[in-house]
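These are the residues of each chain, in order.
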Amino acid sequence: MAAGGPPMAGPGAAQCMTKVVLTISCENLLDMDVFSKSDPMCVLFMNSSGSHWYEVGRTETIENCLNPKFAKSFAIDYYFEMVQKLKFSVYDIDNDTRDLGDDDFLGELECTLGQIVSSSKLTRPLVMKDKTPAGRGTITIYAEEKSDSRVVNLVVSARKLDKKDFFGLSDPFLEFYKKSETGWQLAHRTEVVMYNLSPSWKPFKIPLQSLCGGDIERSIKVECYDYNSSGSHDYIGAFETSLVQIQEASQTYAAEFECINSKKKQKKKGYKNSGVIIVKQCEIVKEYTFLDYIMGGCQLNFTIAIDFTGSNGDPKSPQSLHYIDPRGYNEYLAAIWAVGMVIQDYDSDKMFPAFGFGAQVPPTWQVSHEFPINFNPSNPFCAGIEGVVSAYQKCLPQVKLYGPTNFAPIINHVACFARQAVQQNTASQYFILLIITDGVITDMDQTRSAIVNASRLPMSVIIVGVGGADFSAMEFLDGDDGILRSASGDAAMRDIVQFVPFRQFQNAPQEALAQSVLAEVPGQVMDFFHTMKLKPPREDTHLPSAPAPTGVS
C-alpha cells in the first residue's frame, strides 16, 4: 500500500564503545634480587572514584628479567566521553601468594586510557609511591582496538516480484538476517520502494559482525515484504545463502536468487518463484573506526567560547553566574573542567584557544563577539585546561559584561580553521567548539547558517546552557528532532550540535556532564570522515600481536 512512511530502516547508529587491548613491556627495571635479577609482573588497576582503585588483572611473571615483554594483555572497554584513569604497578614476585604486600615494588605509572589510545604507543618513566623516579625504569603500553570493522557494501535490485496490492503494485522492502544459536536475528532493513515489482534499492552497508558474525560462510537469510501502513506487511518470499556464495556468484555479472514463498509453493502447481532478487555488488571493505582515526594520528582541536553578556549578572555579586565562590567554583568553570579533562588527552600540544563573546573589551570598550580571554589576538592559546581557567579568572574583572548574545562569529571563526584542514585530503584534524552560555541567542538566523555551513566541515559544536533561562532555541539547534535548516532553507549535511542544560547535572557526579555532551562526538567524527572518504594520516596503526615473553639482561 502506498499510504504512510516506510518502516524503521536497519539498526541504529554504530556503538562507539569498543574494546582496547593493552600490551605492556618495561625496560631498565630496578634489580631487587641479590643473587639473580628481578622477577617482574605488572598489575593493572582502574580508578572507580576518588582515590579508590580496583584491580583489573595481572600479567604473567617473567623470571630473571629487567627488560620484560609481557605476553598477557588486558582488554578494556573504551569510552571516549569518560576519563578512564589507569595505574600500571610493577612488582618483583618472590613467592606464590596473591598478596602483593610481601613483594618488592618496582615502580608504577598513572595515566588515562585516552592518553594511551591517542598515542597508540605510550612510553613513560616509572615512579615510586612517593613519585620519585624508579631508577631508570620505563614502561611502554601498546594499544590496539579489538574489533572487526569490516562492512559489506551491497547493491540489490529485484525482478518480477509478486503483486500483493489489489489496486496497485507492491511496495517492496528487504530484511537481512544473521543465523545465531537462538534463531534468525535481524541485521538490516532496506527502505521501501513504492509501486514497483522490479525495484532497485539504494546502495547500503551492513557491518560484517551484524550480518554473519565475521564468518562469510555462515548462512544468511533475505526476506522480501510488501509494505503496508498498518504495520501488517505482506510476505512475498525469501531465500538463504552466504556471503561467500554471493561473492562467487557475482564475480562475472550479478548474483541472482529466486525469492520463494514456501506456502505458495506447496499450494500452487507449477509454482516457480515469487520473483528474483539480484545482488549487483557485494564488496567487503574495512570501515575506519573512531580509534582508527585517533590512533592513526587524527588530532582533536578544542576551542572554548564563554558568554560574557550582561544577563549573567555582575561577577562580584553571589547571584551572578560568573561569581566565583570561595571554593573557586561556578557553572562556567565546572563545564570547562568537565569537558576539557576528557578532550585534552586527544590534543598533542594541550594548547587550547579560548574566547569570550558579548563583552565590552579594553582599551576601546567596543563590544566583541570573539575576543581572546588572554587578550592576545595573535596567540589566543592557553596551556592546558588549567591555563584556560586561569585566563578566565583574570579576564573577568577586566571586561564589562554587555550584549547581545551572538554565536555566529565564533562558530565561523573555528570553521575557518576546519575548512583549511579539509584541504589536506586526510583525516588529520577535527575541531570541537564548546560554547558555554546563559541565555537566548540574538543572531539565530546567522547561527543557523553558520551551523549548516560547519556541518560540511570536520567540526562539532557543544553548547552547555548555564543558569535557569529558557533554552528552547538551543534544543532547536540540536538536530535530534529533525534536520536543521538555514534561514534560506539549506539543509545541514549532518547533525553536529549537542546541547545540554548544566543544571540537569548539578546533583550528578562531575563526569556525568562530559559523558552526556561528548557521547555523540565519536559518531560525528566517523560520519564526517566516512562521508568525505578520508583516511587516517597513518594507516599502520594496528600493532603486531603481543611478543612472546623474553628475558633480556
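Just so it is clear, the structure is predicted and the values come from calculations on it, not from any experiment.

A. Seen up close, the packing of helix H8 (residues 408-422) against helix H9 (residues 444-454). Contact geometry of H8 with H9 gives a least axis separation of 9 Å together with a crossing angle of 15°. By the angle between their directions, the pair H8 and H9 is classed as roughly parallel. Here the hand of the crossing between H8 and H9 comes out left-handed. On the side of H8, the interface is formed by Ala 408, Ile 411 and Asn 412, while H9 contributes Gln 446, Thr 447, Ala 450, Ile 451 and Ala 454. For the contact of H8 with H9, a count of residues per class yields five nonpolar, three polar and no charged.

B. Main features of the nonpolar core. Counting residues in hydrophobic clusters, the biggest one holds 91 residues, and the most contacted among them are Leu 22, Phe 88, Ile 139, Phe 308, Val 464 and Leu 518. Here this core gets nine residues from one element, more than from any other, and that element is helix H6 (residues 331-343). Residue contacts for Ile 139: discarding those within four places in its chain leaves Ile 24, Ser 25, Cys 26, Cys 42, Phe 88, Val 90, Leu 109, Leu 122, Thr 123, Arg 124 and Leu 126. Counting residues in hydrophobic clusters, the runner-up holds 32 residues, among them Phe 407, Ala 408, Phe 431 and Ile 435.

C. View of the pairing of strand E9 (residues 150-159). The sheet contact formed by E9 and strand E16 (residues 276-286) spans ten bridges and is antiparallel. Its bridge partner being in E16, Asn 153 is matched across the sheet by Glu 283. Summarising the sheet, E9 and strand E12 (residues 204-207) pair through four bridges and their orientation is antiparallel. Paired with Asn 153 across the bridge in E12 is Lys 205.

D. Structural context of helix H7 (residues 384-395). For H7, with twelve residues, the first-to-last C-alpha span of 17 Å sits near the 16 Å given by 1.5 Å per residue. Burial in H7 covers these residues: Gly 384, Ile 385, Gly 387, Val 388, Val 389, Ala 391, Tyr 392 and Cys 395. Looking at the buried side of H7, the elements it contacts are strand E17 (299-307), H6, strand E18 (351-357), strand E21 (371-372) and strand E22 (381-383).

E. Just the packing of aromatic side chains, in detail. Here the structure, examined in full by the defined rule, presents 18 aromatic pairs. A centroid spacing of 6.2 Å and a plane angle of 45° characterise the contact between Phe 308 and Tyr 392, whose relative ring orientation is tilted. Separated by 84 residues along the polypeptide, Phe 308 in the loop between E17 and H6 and Tyr 392 in helix H7 bring together distant segments of the chain. Residue Phe 308 is classed as buried on the basis of its relative accessible area, which comes to 0%. Between Phe 471 and Phe 499, the ring centres sit 5.5 Å apart and the planes meet at 50°, which makes this aromatic pair tilted. In this pair, Phe 471 is assigned in the loop between strand E25 (459-465) and helix H10 (472-477) and Phe 499 in strand E26 (residues 497-501), connecting sequence segments 28 residues apart. The exposure class of Phe 471 is buried, given its relative accessible area of 9%. These aromatic residues form a ring-pair network of at least three members: Tyr 288, Tyr 293, Tyr 430, Phe 528 and Phe 529. Between Lys 400 and the ring centre of Trp 365, over which it is positioned, the NZ or CZ distance is 4.6 Å.

F. How the structure looks around the side chain of Ser 250. Structurally, the position occupied by Ser 250 is in the loop between helix H3 (243-249) and strand E15 (255-258). There is a polar contact of 3.3 Å between the side chain of Ser 250 and the backbone oxygen of Gln 247. Not counting chain neighbours up to four residues away, the residues in contact with Ser 250 comprise Ala 255, Val 279 and Cys 282.

G. Region of the structure containing the confidence of the model for the chain. On average, the chain scores 89 in pLDDT, and the residues at 70 or more come to 94%. Mean pLDDT across the secondary structure elements of the chain bottoms out at H10, with 78, and peaks at E21, with 98. Predicted confidence for residues 1-16 stays below pLDDT 50, and this span has 31 contacts to residues more than four positions away or in other chains.

Reading the values: rules and limits
- Residues numbered from 1 in each chain as written.
- Predicted model: local features only at pLDDT ≥ 70, side-chain atom pairs only at ≥ 80, totals over all residues.
- Heavy atoms only, no water.
- Axes fitted to C-alpha atoms, helices over the stretch in contact; angles between N-to-C directions.
- Helix = DSSP H or I, 4+ residues; strand = E, 2+ residues; numbered from the N terminus.
- Parallel < 35°, antiparallel > 145°, perpendicular 65-115°, else oblique.
- Left-handed = near helix turned anticlockwise from the far one by under 90°.
- Contact = heavy atoms within 4.5 Å.
- Nonpolar A, V, L, I, M, F, W, Y, C, P; charged D, E, K, R; others polar.
- Core = buried A, V, L, I, M, F, W, Y, C linked by side-chain atoms within 4.5 Å.
- Buried < 20%, exposed > 50% of the residue type's maximum accessible area, 1.4 Å probe, protein only.
- Pairing = 2+ DSSP bridges.
- Expected span 1.5 Å × (residues − 1).
- Phe/Tyr/Trp six-rings, centres within 6.5 Å; stacked < 30°, edge-to-face > 60°.
- Lys NZ or Arg CZ within 6 Å of the ring centre and 35° of its normal.
- Polar contact = N/O pair within 3.5 Å; in protein donor to acceptor, adjacent residues only side chain to side chain.
- pLDDT = per-residue confidence, 0-100.

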